[in-house]
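# Breakdown of the fold
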Amino acid sequence: MINTFHSSYNPPPVPPRAGYKKAQPSGNTPLVKFLSVMLLLLMTLTFGGFLYLFQKVNGELQWVYQEDTATLKKLQQCVNGNRAQECQILIEKVNTVMGKVSQENGTFSKFTGGPSRNGPAAHMVFLSEHNEKYKESEALRSNSLLWDKERSLLQGVQITVKRDRLTIQTPGVYFIYSQVTFSRRATKNPLKQTINRSGPKNENKELLKSFCTLHENTEEMCTASSAGVFRLEKDQQVYVTVTDRSLVNKKYCWFGLFKL
């Protein structure tokens, strides 16, 4: 007899065979543990390295900032007219650094093809009284300062026969600067130095002027400095005048300009 009975229930599971074990998921192997430890060590070293570099760079920047702050304080003291000799040494150091930076910038520009300062420029050194040109100059009758052409820098700018004025050959905007140091006491204070401009029609104009005072019964020096930016036309002349040229310390005087 055939069983025709049908049920909606699933058939019962087949009993496991003797000796059969269900596969278990594999746990952490020694290799995985080793890689995890190495990754954690690498992350720790990386974080520590960045922290060390940050502390080192931050310390160097703070040191540079403190040094710059001290230099600015010294410059401020120079502006106030204190410690003239120390100020002069500081100014010489600043000028030396600026010269090195300018030289490096020019060398860098040659390698990179960038712009270099090859335009009109001049940096004049005071003409010594022992120089024959000094004694022969007609400018001795005035209070204009005389400059040593042979020991100065002249590039695209001419100096007059009297050696007291710079003549502009290329019109444009120029940065002009000067420094005059007085080391002999005068009956008239304050002592003044002026940067002047004259044209082909002899029209004169004061561009900049500065003052300093020498105290009585002291051996200190005082320095008057000026700097500014002006437009100069072709054949215009720039020169420096002082209250009394005999009071000037020739060693610490210069005058110059360059086209921007």
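Refer to the preceding data block for the structure.
Cut-offs applied
- Along each chain, residues carry numbers from 1 onward, in the same order as the chain's sequence is written.
- Local features in this predicted model are restricted to residues whose pLDDT is 70 or higher, and side-chain atom pairs enter the listing and the counts only when it is 80 or higher, whereas totals over whole chains, interfaces and linings include all residues.
- Working from all heavy atoms in the structure, the side-chain values ignore hydrogens and water.
- Cysteine sulfur atoms are paired as a disulfide whenever they fall within 2.5 Å.
- Secondary structure is summarised from DSSP: a helix means a run of H or I of at least four residues, a strand means a run of E of at least two, and numbering begins at the N terminus for each.
- Being paired, for any two strands, means DSSP has found at least two bridges between them.
- The axes used here are C-alpha line fits, helices contributing only the stretch in contact, and every angle between their N-to-C directions lies in the interval 0 to 180 degrees.
- To define a nonpolar core, start from buried Ala, Val, Leu, Ile, Met, Phe, Trp, Tyr and Cys residues and group those joined through side-chain atoms within 4.5 Å.
- Summary of the burial criterion: residues with accessible area below 20% of their type's maximum are buried, those above 50% are exposed, and those between are partly exposed, where the area comes from a 1.4 Å probe applied to protein chains only.
- Two residues qualify as a contact provided that any one of their heavy atoms is within 4.5 Å of a heavy atom in the partner residue.

The subject of this paragraph is the state of the cysteines. Within the structure shown, the criterion is met by one disulfide. A disulfide bridge connects Cys212 with Cys222, and the sulfur atoms are separated by 2.2 Å. What sets the handedness of the Cys212 and Cys222 disulfide is the S-S torsion sign, and at about 45° it is right-handed. Remark: Cys222 occurs in strand β8 (residues 222-232) and Cys212 occurs in strand β7 (residues 204-212); sequence separation between them is ten residues.

With respect to topology, five strands assemble into an open sheet ordered β3-β4-β9-β6-β7, the strand pairing being antiparallel. Looking along the sheet, the strands with just one partner apiece sit at the ends: β3 (157-159) and β7. Across this sheet, the average inter-strand angle for adjacent strands is 25°, counted without regard to direction. Looking at chain direction, strand β4 (residues 165-168) and strand β9 (residues 237-242) are connected through three bridges and run antiparallel. Among the inter-strand pairings, Leu166 is bridged to a residue of β9, identified as Val238.

The next subject is the nonpolar core. Judged by nonpolar contacts, the single largest core of 31 residues is most densely connected at Ile176 and Phe182. Residues contacting Phe182, with those up to four places away along its chain left out, are Leu191, Lys192, Cys212, Leu214, Met221, Cys222, Val242, Asp244, Leu247, Val248 and Asn249.

Another aspect to go through is the sheet that holds strand β5 (residues 172-182). One open sheet accounts for five strands, arranged β2-β1-β10-β5-β8; its pairing is antiparallel. Lying at the two open borders of the sheet, with one neighbouring strand each, are β2 (147-155) and β8. On average, each strand axis in the sheet is tilted by 10° relative to the strand beside it, whichever way the strands run. Two elements, β5 and strand β10 (residues 254-259), share six bridges in a ladder whose sense is antiparallel. Looking at the pairing, Tyr174 lines up with Lys259 of β10.

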